[in-house]
Amino acid sequence: MTYRPVITSQADLERVWRHLMQPLGFSRESLWFMFLDSGGAAVPQLTQLEQAEEPPDQETAAAMTAHLAGLAREVAGQGGRVAFLRSRPGGGGPTARDRSWASALAEGCREVDLPCEVFHLATDHDIIPMPYDELIAVGV
């Protein structure tokens, strides 16, 4: 049976990431993303970009999110959106590098008009939401 949750809130998204990332514990830094259709149903494909240590520069983030916008239309249809999670070894809250990843992708999504869910961070110990208003508040 295909796991295809419906995500209508940030709490739903956090539950889905907790389910998908179990067991916690990461040997390297990665970026994960999934698409949701207009009704919030997850497209049954999760993508991992490995070796995602350094955050993308503005040009790379723009190219990446432009490509994702096209994929979202193709696989999730009109009104599709994307959800991102960054995983890394260790613990603690979001680091400057985690915030830079979230900020770069959020800005890229805004530029290409791709709706984006709250960014999440997975560490060896927890899954942590990174709301955009907090990213703005710290000046990232």
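In case you missed it, the structure is sitting above this.
Computed from a prediction, not measured in an experiment: that's the story for all the values here.

Procedures and definitions
Residues numbered from 1 in each chain as written. Predicted model: local features only at pLDDT ≥ 70, side-chain atom pairs only at ≥ 80, totals over all residues. Heavy atoms only, no water. Pairing = 2+ DSSP bridges. Helix = DSSP H or I, 4+ residues; strand = E, 2+ residues; numbered from the N terminus. Axes fitted to C-alpha atoms, helices over the stretch in contact; angles between N-to-C directions. Contact = heavy atoms within 4.5 Å. Parallel < 35°, antiparallel > 145°, perpendicular 65-115°, else oblique. Left-handed = near helix turned anticlockwise from the far one by under 90°. Nonpolar A, V, L, I, M, F, W, Y, C, P; charged D, E, K, R; others polar. Disulfide = S-S within 2.5 Å. Buried < 20%, exposed > 50% of the residue type's maximum accessible area, 1.4 Å probe, protein only. Right-handed = clockwise from strand over helix to strand, strands pointing away.

Undergrad: Quick rundown of the sheet that holds strand β3 (residues 81-87)? Include the residues and the values.
TA: In spatial order, the strands read β2-β1-β3-β4-β5; together these five strands make up an open sheet with mixed pairing. For this open sheet the edge positions go to β2 (47-49) and β5 (127-130), each flanked by a neighbour on one side alone. On average, adjacent strands in this sheet sit at an angle of 25° to one another, irrespective of strand direction. Across three bridges, the pairing between strand β1 (residues 30-36) and β2 is antiparallel. In the sheet register, F33 faces β2, and the bridge partner there is T47. Sheet strands in contact with helix α2 (residues 58-76) are β1, β2 and β3, and its direction is about 35° off that of β1.

Undergrad: Outline the packing of α2 against helix α3 (residues 96-111), listing residues and values.
TA: Interhelical geometry of α2 versus α3 gives an angle of 55° and a closest axis separation of 8 Å. Here α2 lies oblique to α3, going by the angle between them. Along this stretch, α2 crosses α3, giving a crossing that reads as right-handed. Where α2 approaches α3, its residues Q58, A61, A62, M64 and T65 are matched on the opposing element by A104, L105, G108, C109 and E111. Here the residues of the contact of α2 with α3 are counted per class, giving six nonpolar, three polar and one charged.

Undergrad: Report on the state of the cysteines, specifying residues and quantitative values.
TA: Evaluated as defined, the whole model comprises zero disulfides. In this structure C109 is a free cysteine whose sulfur lies 4.2 Å from that of C116, the closest cysteine sulfur available. Judged by its relative accessible area of 21%, C116 is partly exposed.

Undergrad: Pulling in residues and values, what's your account of the pairing of β3?
TA: For β3, a buried count of seven out of seven residues is recorded, marking the element as mostly surrounded by other parts of the structure. Neither face of β3 is exposed, since R81, A83, L85 and S87 on one face and V82, F84 and R86 on the opposite face are all buried. Relative to strand β4 (residues 119-122), β3 is paired through three bridges, and the arrangement is parallel. Looking at β4, one finds that L85 is bridged to H120. The parallel pair β3 and β4 is bridged by α3, and the resulting crossover is right-handed.

Fair warning: the whole summary comes from geometry, so function is off the table for now.
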